[in-house]
Amino acid sequence: MALRRSALHPVAAATGAAFQERHGWDLATVYSTVEEEYLALTTAAGVHDASYTGRLRAIGADGLDLLNRLSTNKVLDLQPGQGAPTILTTARGRILDLIGVVNVDDYILLITSPGAQQQVIDWLDKYTIMEDLVVEDITGESTMLSVLGPASKAAVESAAGTSLNELPPYHSVTAEMAGHQVRIVNRPFGGLPSFDLLMDPDASAGVWDHLSKSGVPPVGEEALEAVRLSYAVPAYGHELGESYNPLEAGLIGSIDFAKGCYIGQEVIARLDTYKKVQKYLVKLAFVDGSSVAPGTLLTQEGKPVGKVTSVASDPSSGQNIGLGYVRTAQAVVGTRLDLETGSGGADILGLPQMFGPERS
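Reading the values: rules and limits
- Residues numbered from 1 in each chain as written.
- Predicted model: local features only at pLDDT ≥ 70, side-chain atom pairs only at ≥ 80, totals over all residues.
- Heavy atoms only, no water.
- Pairing = 2+ DSSP bridges.
- Helix = DSSP H or I, 4+ residues; strand = E, 2+ residues; numbered from the N terminus.
- Salt bridge = Lys/Arg side-chain N within 4 Å of Asp/Glu carboxyl O.
- Buried < 20%, exposed > 50% of the residue type's maximum accessible area, 1.4 Å probe, protein only.
- Contact = heavy atoms within 4.5 Å.
- 1 Å grid on protein atoms, 1.4 Å probe; cavity = no way out; pocket = protein on both sides within 12 Å on 5 of 7 lines; lining within 4 Å.
- Points joined across faces, edges and corners; volume = space filled by probe spheres on them.
- Nonpolar A, V, L, I, M, F, W, Y, C, P; charged D, E, K, R; others polar.
- Axes fitted to C-alpha atoms, helices over the stretch in contact; angles between N-to-C directions.

*Asks:* Before we move on, could you go through the pairing of strand β4 (residues 54-59) and cite the residues and values that matter?
*Replies:* Pairing analysis gives 5 bridges linking β4 to strand β7 (residues 108-112), with the strands arranged antiparallel. Its bridge partner being in β7, A58 is matched across the sheet by I108. When β4 meets strand β8 (residues 134-137), the two strands line up antiparallel, connected through 4 bridges. Residue R57 lies in a different strand from β8, and its bridge partner there is E136.

Shown next, in the form of structure tokens:
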């Protein structure tokens, strides 16, 4: 199957960027150097072509009602321009996908994980009986850029000529950028500020150039992956999926325990009430010289207690960092675990909570 390409592929290719297959797309991995791009993302701002991220359009009067009955968070009362993160879970309380739900007035925008569009469509279709709802994949009909970094808000405000001070997380607003209409969604990347810019493909080159000329450099997949692990952001296929439940993944802040039933609600509520979560997502720093890759077992006194799910080198220090799941008893900040390879070890730096603690 041919790799998919965004409308910005020719623009990236013209810069001499390196490309690699990821998520079924031909993606730019590095534009300048990983170190420079990582520095931009962690100290200022950078722009990333995130067009490979799934985008669905849900049309119909019952969209929010159905999503509210199927997912973990309360989305029923979202007004035009408002949004929220929520999780679709299986009957066993396992993660189908973490999605962003944004009410854009004439339809509901669903931002899914890369490559998860069809399973989300199938899941919603499975539970659409008499409801007025049609869901379609619009990933290929639009371009999505993400401007990330501590200075990303100021960069987007300057480029769009508008204030984002009254734009809470997952809410959106439309603005003009480089002569084109753009929808801006405030979608934090863990603890790192980040704004998604959605537009017609024909507008992408102009907006990309406008941002670049205003001092926002392009960043590729390699730097973004290093930042993902630095900020302990779980990713579908690594830390998110049907092998895990939302409590294990530190997603408790996107669960509304008061809103009523949803698919998997009984399992998740029981795990929370009786403190039966068996393992937790942890941020890891690997001892120099450690031989580690995703799938490496973490051990303590020779016994397996967890598994590494993602690894990358921190460009600022050269140290390998990562994420993994560790049994509850060992998931304590400061704990050092051994690796099954017998070479080196891993220190637990934190237990990420992407959306913070449970909402009151």
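*Asks:* An account of the pattern of salt bridges is requested, with residue identities and associated values reported.
*Replies:* Taken as a whole and assessed by the stated rule, the structure comprises 14 salt bridges. The partner of E221 in a salt bridge is R22, and the shortest N-O contact between them spans 4.0 Å. Note that E221 is positioned in helix α7 (residues 221-230) and R22 in strand β1 (residues 18-22), a separation of 199 residues in sequence. Overall, R22 belongs to the partly exposed group, its relative accessible area being 23%. Measuring nitrogen to oxygen at the nearest pair gives 3.1 Å for the salt bridge that ties K153 to E157. Of this pair, K153 and E157 both sit in helix α5 (residues 152-160), 4 residues apart, which is roughly one turn of the helix. Relative accessible area serves as the criterion here: at 27%, K153 is assigned to the partly exposed category.

*Asks:* Which residues make up α5, and what are the values?
*Replies:* Of the residues making up α5, those classed as buried are S152, A155, V156, E157, A159 and A160. Contact partners of the buried residues in α5: β9 (143-148), β10 (172-177), β11 (180-186), β12 (194-199) and α6 (201-213). Looking at the residues trailing α5, positive phi occurs at G161, about 65 degrees.

*Asks:* Lay out the pairing of strand β3 (residues 46-49) in plain terms, naming residues and giving numbers.
*Replies:* Across the two faces of β3 the burial is the same, with G46 and H48 and V47 and D49 all buried. Relative to β9, β3 runs antiparallel, the two sharing 4 bridges. Its bridge partner lying in β9, H48 is registered against S146.

*Asks:* How would you summarise the layout of surface pockets if you had to cite specific residues and measurements?
*Replies:* Of the volumes computed, that of the largest pocket is approximately 750 Å³. Lining the largest pocket are 32 residues; nearest its centre among them are T53, P114, F189, R228 and A235. Residue assignment for the lining of the largest pocket shows that the elements contributing at least two residues are β6 (95-103), β7, β9, β12 and α7. It is α7 that provides the largest number of residues to the lining of the largest pocket, a total of 4 residues.

*Asks:* So what's going on with α7? Residues and values would help.
*Replies:* With respect to burial, α7 is a largely interior element, 8 of its 10 residues being buried. Taken residue by residue, α7 has E221, A223, L224, A226, V227, R228, L229 and S230 as its buried positions.

*Asks:* I'd love a proper account of empty space enclosed by the protein, names of residues and values included.
*Replies:* This structure, assessed with the given rule, holds 1 cavity of 30 Å³ or more. In this structure, the largest cavity spans a volume of roughly 120 Å³. Lining the largest cavity are 15 residues; nearest its centre among them are S6, D26, L27, A28 and D49. Listing elements by their share of the lining of the largest cavity, those giving two or more residues are α1 (9-14), β2 (25-30) and β3. Examining the composition of the lining of the largest cavity, we find that 4 residues originate from one element, β2, more than from any other. Here the lining of the largest cavity is built from residues that sort into 9 nonpolar, 4 polar and 2 charged.

*Asks:* Account for the sheet that holds β6, naming residues and giving values.
*Replies:* Consider a sheet: its strands pair through backbone hydrogen bonds, and that pairing is either parallel or antiparallel. An order of β5-β6-β7-β4-β8 is seen for the 5 strands of this open sheet, with the pairing classed as antiparallel. Two strands bound the open sheet, and with one partner strand each, they are β5 (83-89) and β8. Between one strand axis and the next, the sheet turns by 30 degrees as a mean value, whatever way the strands run. With 7 bridges joining them, β5 and β6 adopt antiparallel strand pairing. When the bridges of β6 are listed, L88 appears paired with D97.

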